[in-house]
Every structure is written in structure tokens, then in C-alpha cells.
Amino acid sequence: MPEKYAVMGNPISHSLSPLIHQLFAKQTGLTLTYEKIQIDLPRFEQQVSEFFTQGGKGLNITLPCKQQAFTISQKRTSRCLEASAANTLWMQEGYLYADNTDGIGLLRDLNRHVNIRDKKILLLGAGGAARGILGPLLAAYPAQLTIANRTLKKAQILQQDFPKTNYCTFDDLKHKQYDIIINATSASLDGKNLELPEQLMSTQPFCYDLAYKKNQPTAFVAWAKRYDCRAIDGLGMLIEQAAEAFFIWHGIMPNTAAIVESL
């Protein structure tokens, strides 16, 4: 019987994770099933427990429960502890293990497009998605990394956990300039534009959206391109973080370049 894997999120219908993991399985000669599970927010912990009780082998967790996945896990990797958020779960010796592959996935994809060393980076959003990538971003030696959020308190809390960063609100960005802007908010999943000042785009920064759409640009990517910025979505990151999760579960690292090209 094929081993059972899944991704949990809300929303989840857009997810390409099942396709990606099936492509990895085909490439590596494994047989598995991988499904989408809509999170019922009050029942998240129960849904995770039921999945593993019913024979599930591994779960990916996407918005909005990465921090809750961290909380309910019993054993955590060092990068998961650094992020205080988890996107990869599995059972081992009766314990629920957690890791966070978002940061390494983002860096592997960013390296295809831009060198972040000594660059001024603006990170939009202060939730679980931002937490997962901050540590690896800081380890890549940017000149400066600023967390901007609609509400100052969440940005301030995140900055306290990552003291090498700065923080501000979106309104504080009017007279600031950055080399790279990374959108870690959920706005693109809802098709919404962020209310950001036009002056922010005057130097045409490289723009990256952690969200993705297969056949059209996300709202953030479309907005950035209106200012003639080079902008890409997070499909490459999705593939790279999925590959890291696949390696954790199966001990085999798939060829991501082939999957990026095929999608």
C-alpha cells in the first residue's frame, strides 16, 4: 500500500504541492499518495492527530497554522526552533517531529535570480511565513533587513526574536528605499494589493512574492511589474521547500531544476 502524505492549509484548493510530490515520486521511483486537506481552524490539532493515527507518514503545513504546528510538535529541528514555526511534520518513534524548510527553499530559489549579500531587504509581513525565512535570510549577510507590517506590534514582536532586523509599519516606508522586497503576507492568496507607497518602487527593487499562481502573476507581482520592477512569485520556493521535505521523509533529494522547468 502506498505511503500517505498531505498538505494542510486554509485556503488549500490552489496548492500545487500534490503535483510536485507526485513528480518527485515519479522521478525517484517511489509510490505514494499526497492529498490536500482543508484546515478547520478550531480542529487543527485534532486533524493532525487523526491524519497520523490513520496511517499518514508526513504533513506539510501552510498558512495559517505554521506557528500552531510548531506549538503542537514534540521534537523540533534547530531551524524550526529558530523560526518558532513549522511547515513539515512527521512521526518518528512515537513523537511528532517538526521542521521548517521555507527558509532553505527561498534561498535556493532566490539564488537563481539575485545575490542578496550586502543588499538592503524589505520583508513585508510578520506572521508564520516571515518567521520561517528570517533566519536563513540573515545568515546570507544582507546589508540590512527590515520587517514591515500593517500593525507595528506584530513586527516589533518578530524583531525581538530576530534582533539583527529593523521594523516599521507600511506607512513608515514612504521615504525609504530597498534593493529587494519580499512579500510574506497572505494578501496575494486573496487577490488583494497591499497599500504600499509608490515612492518605495522609485529605485525599481527586485520583488519576490512567497505566494504563487501557476498561469498568471500574483497581485503583488503584477503590482511590482507596473513599476517596471523585475518580479517573480514563489513557485520556485514551493518546489525547493517541498524537495527538502521530500528528503526529510524519504532520504532522497529530487532534481528540482527539472521540476521548475516542467512547471
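Scroll up for the structure.
Residues numbered from 1 in each chain as written. Predicted model: local features only at pLDDT ≥ 70, side-chain atom pairs only at ≥ 80, totals over all residues. Heavy atoms only, no water.

Brief notes about the layout of surface pockets
At step 1: For the largest pocket, the calculated volume is near 350 Å³.
At step 2: Along the wall of the largest pocket there are 21 residues; nearest its centre are Gly127, Asn149, Lys154, Thr185 and Ser186.
At step 3: When residues of the lining of the largest pocket are traced back to their parent elements, those giving at least two are helix 3 (66–72) and helix 6 (128–139).
At step 4: By residue class, the composition of the lining of the largest pocket is 9 nonpolar, 9 polar and 3 charged. (1 Å grid on protein atoms, 1.4 Å probe; cavity = no way out; pocket = protein on both sides within 12 Å on 5 of 7 lines; lining within 4 Å. Points joined across faces, edges and corners; volume = space filled by probe spheres on them. Helix = DSSP H or I, 4+ residues; strand = E, 2+ residues; numbered from the N terminus. Nonpolar A, V, L, I, M, F, W, Y, C, P; charged D, E, K, R; others polar.)

Thoughts on unusual backbone geometry
At step 1: Cis geometry marks the peptide bond from Asn10 to Pro11; its omega dihedral reads 10 degrees.
At step 2: Locating Pro11 in the fold gives a position in the loop between strand 1 (3–9) and helix 1 (17–28).
At step 3: Of the consecutive residues Leu63 and Pro64, the connecting peptide bond is found in the cis state with omega at 5 degrees.
At step 4: Its location among the elements puts Pro64 in the loop between strand 3 (56–61) and helix 3.
At step 5: Phi at Ser84 is positive, roughly 55 degrees, even though this residue is not glycine.
At step 6: With respect to the secondary-structure elements, Ser84 resides in the loop between helix 4 (78–83) and strand 5 (88–92).
At step 7: At Gln204, a position not held by glycine, the phi torsion is positive, near 55 degrees.
At step 8: Relative to the assigned elements, Gln204 resides in the loop between strand 10 (180–183) and strand 11 (206–209).

A closer look at empty space enclosed by the protein
At step 1: Applying the stated criterion to the full structure yields 2 cavities of 30 Å³ or more.
At step 2: Approximately 420 Å³ is the volume found for the largest cavity.
At step 3: Around the largest cavity, the lining is made up of 28 residues, and of these Thr62, Lys66, Leu210, Tyr212 and Leu238 lie nearest the centre.
At step 4: Going through the elements one at a time, helix 1, strand 3 and helix 9 (235–250) are the ones with two or more residues in the lining of the largest cavity.
At step 5: For the lining of the largest cavity, the leading source of residues is helix 9, giving 4 residues.
At step 6: Classifying every residue of the lining of the largest cavity gives 15 nonpolar, 11 polar and 2 charged.
At step 7: Of the volumes computed, that of the second largest cavity is approximately 40 Å³.
At step 8: For the second largest cavity, the full set of lining residues is Asn183, Ala187, Ser188, Lys192, Asn193, Leu194, Ala219, Phe220 and Trp223.

Some details on the sheet that holds strand 2 (residues 32–38)
Whenever strands of a sheet pair, they do so through backbone hydrogen bonds, lying parallel or antiparallel.
At step 1: Spatially, 6 strands are ordered 2-1-3-5-6-4 in an open sheet, and the strand pairing comes out mixed. Looking at strand neighbours, the two that pair on one side only are strand 2 and strand 4 (75–76), the edges of this open sheet.
At step 2: Relative to strand 5, strand 3 is paired through 3 bridges, and the arrangement is antiparallel. If you follow Gly58 over to strand 5, its bridge partner there is Trp90.
At step 3: The strands touched by helix 1 within the sheet are strand 1, strand 2 and strand 3, with strand 2 carrying the most contacts at an inclination of about 170 degrees.
At step 4: The strands touched by helix 2 (residues 44–53) within the sheet are strand 1, strand 2, strand 3, strand 5 and strand 6 (95–99), with strand 3 carrying the most contacts at an inclination of about 150 degrees. (Pairing = 2+ DSSP bridges. Contact = heavy atoms within 4.5 Å. Axes fitted to C-alpha atoms, helices over the stretch in contact; angles between N-to-C directions.)

So, the packing of aromatic side chains
Each aromatic ring pair is summarised here by two numbers: the centre-to-centre distance and the angle between the ring planes.
At step 1: Evaluation of the coordinates by the stated rule reveals 6 aromatic pairs.
At step 2: With 5.5 Å between their ring centres and 65 degrees between their planes, Phe24 and Phe246 make a pair best called edge-to-face. Highlighted residues: Phe24 in helix 1 and Phe246 in helix 9, separated in sequence by 222 residues. This pair shows no difference in class: Phe24 is buried, exactly as Phe246 is.
At step 3: Taken together, the ring pairs connect Phe220, Trp223 and Tyr227 into an aromatic cluster.
At step 4: Lying over the aromatic face of Tyr95, Lys75 brings its terminal NZ or CZ to 4.7 Å of the ring centre.
At step 5: In this structure, Lys120 is placed above the aromatic ring of Tyr178, and the distance from its NZ or CZ to the ring centre is 5.7 Å. (Phe/Tyr/Trp six-rings, centres within 6.5 Å; stacked < 30°, edge-to-face > 60°. Buried < 20%, exposed > 50% of the residue type's maximum accessible area, 1.4 Å probe, protein only. Lys NZ or Arg CZ within 6 Å of the ring centre and 35° of its normal.)

A word on the pattern of salt bridges
At step 1: Under the criterion given, the structure shown has 8 salt bridges.
At step 2: Asp102 is paired through a salt bridge with Lys66; the nearest N and O atoms lie 2.6 Å apart. Of this pair, Asp102 sits in helix 5 (residues 102–110) while Lys66 sits in helix 3; the two residues are 36 residues apart in sequence, bridging distant segments of the chain. Neither residue differs from the other here; Asp102 and Lys66 are each classed as buried.
At step 3: In this structure, Glu244 engages Arg108 in a salt bridge whose closest nitrogen and oxygen atoms are separated by 3.0 Å. Of this pair, Glu244 sits in helix 9 while Arg108 sits in helix 5, and the two are 136 residues apart along the sequence.
At step 4: Judged by relative accessible area, Arg108 falls into the partly exposed class, the value being 28%.
At step 5: When salt bridges that share partners are traced, they join Arg79, Asp99, Arg108 and Glu244 into one network. (Salt bridge = Lys/Arg side-chain N within 4 Å of Asp/Glu carboxyl O.)

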